[in-house]
Amino acid sequence: TDPSGDRLRDWLGVDEAQFYDPVKFAIIPMGFCFPGYDKHGGDLPPRIECRERWHDRVFAAMPQIELKIVIGASAQKYHLGRSALQSVTETVRHWREIYEATQCMPMPHPSWRNTGWIKKNPWFEKDLLPVLRDLIQVKLKD
């Protein structure tokens, strides 16, 4: 319930009630512990020991997950493996092929820090988001 969450829910085309319904969405962090801040005030990357301890266990406990929305570089590298490209931009730019191969949708982080990225990459809102919203609406009806 912050500006990043508002932006993410808008990107997904869902309201708060849908987003926070644990039957419909699972919000799964990479590390399960706050990694601290870097010298610029941004979050440090997720801590590997936290991901190793919890991340795979959570996914193993939820085999019903049909679509993974992988947000940011750390999630993309982990969940997409070789499908993750050199940068978030390149990975997200190739979302069609990645989704087809992995059932994962790569996304940039919805943080205000990425407002410039969104403006530089209008294809994201024009091409990817409508498809993602449609996918989500179909899955919510199932």
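Above this text sits the structure in question.
Please read these numbers as outputs of a predicted model, since none were measured by experiment. (Residues numbered from 1 in each chain as written. Predicted model: local features only at pLDDT ≥ 70, side-chain atom pairs only at ≥ 80, totals over all residues. Heavy atoms only, no water.)

### Side note on the state of the cysteines
Applying the stated criterion across every chain, the model contains 1 disulfide. Paired through a disulfide, Cys33 and Cys50 show a sulfur-sulfur distance of 2.1 Å. Across the S-S bond linking Cys33 and Cys50, the dihedral sits near 105°, which makes this disulfide right-handed. You can see Cys33 sitting in the loop between helix H2 (16-19) and helix H3 (48-60) and its partner Cys50 sitting in helix H3, a full 17 residues away along the chain. Accessibility expressed as a relative area gives 26% for Cys33, which makes it partly exposed. (Disulfide = S-S within 2.5 Å. Helix = DSSP H or I, 4+ residues; strand = E, 2+ residues; numbered from the N terminus. Buried < 20%, exposed > 50% of the residue type's maximum accessible area, 1.4 Å probe, protein only.)

### Brief notes about the side chain of Arg9
Structurally, Arg9 is set in helix H1 (residues 3-12). Discounting chain neighbours no more than four positions away, the residues touching Arg9 are Thr1, Val14, Asp15, Glu16, Phe19 and Tyr20. (Contact = heavy atoms within 4.5 Å.)

### Some remarks on the side chain of Arg51
Looking at the secondary structure, you find Arg51 in helix H3. Lacking a salt bridge, the buried Arg51 has Glu52 as its closest oppositely charged neighbour, with an N-O distance of 4.0 Å. If we ignore the near neighbours within four places in the chain, the residues touching Arg51 are Met30, Gly31, Asp56 and Tyr78. (Lys, Arg positive; Asp, Glu negative; His and termini not counted. Salt bridge = Lys/Arg side-chain N within 4 Å of Asp/Glu carboxyl O.)

### Focus: helix H4 (residues 72-80)
Among all positions of H4, only Gly72, Ala75, Gln76, His79 and Leu80 are buried. Summarising the axial view, the buried residues of H4 lie within an arc of 100°, below the 170-degree limit, and thus occupy one face. For H4, the elements touching its buried residues are H3, strand E1 (68-71), helix H5 (88-93), helix H6 (95-102) and strand E2 (104-107). Phi turns positive one or two residues past the end of H4, at Gly81, with a value near 55°. (Arc of directions from axis to C-beta.)

### Section: the packing of H1 against helix H8 (residues 122-141)
Between H1 and H8, whose axes approach to 7 Å, the crossing angle comes to 75°. With respect to H8, the axis of H1 lies roughly perpendicular. Contacts between H1 and H8 involve Asp10, Trp11 and Leu12 from the former and Phe124, Glu125, Leu129, Leu132, Arg133 and Ile136 from the latter. For the contact of H1 with H8, the per-class residue count stands at 6 nonpolar, no polar and 3 charged. (Axes fitted to C-alpha atoms, helices over the stretch in contact; angles between N-to-C directions. Parallel < 35°, antiparallel > 145°, perpendicular 65-115°, else oblique. Nonpolar A, V, L, I, M, F, W, Y, C, P; charged D, E, K, R; others polar.)

None of this, on its own, says anything about what the molecule does.
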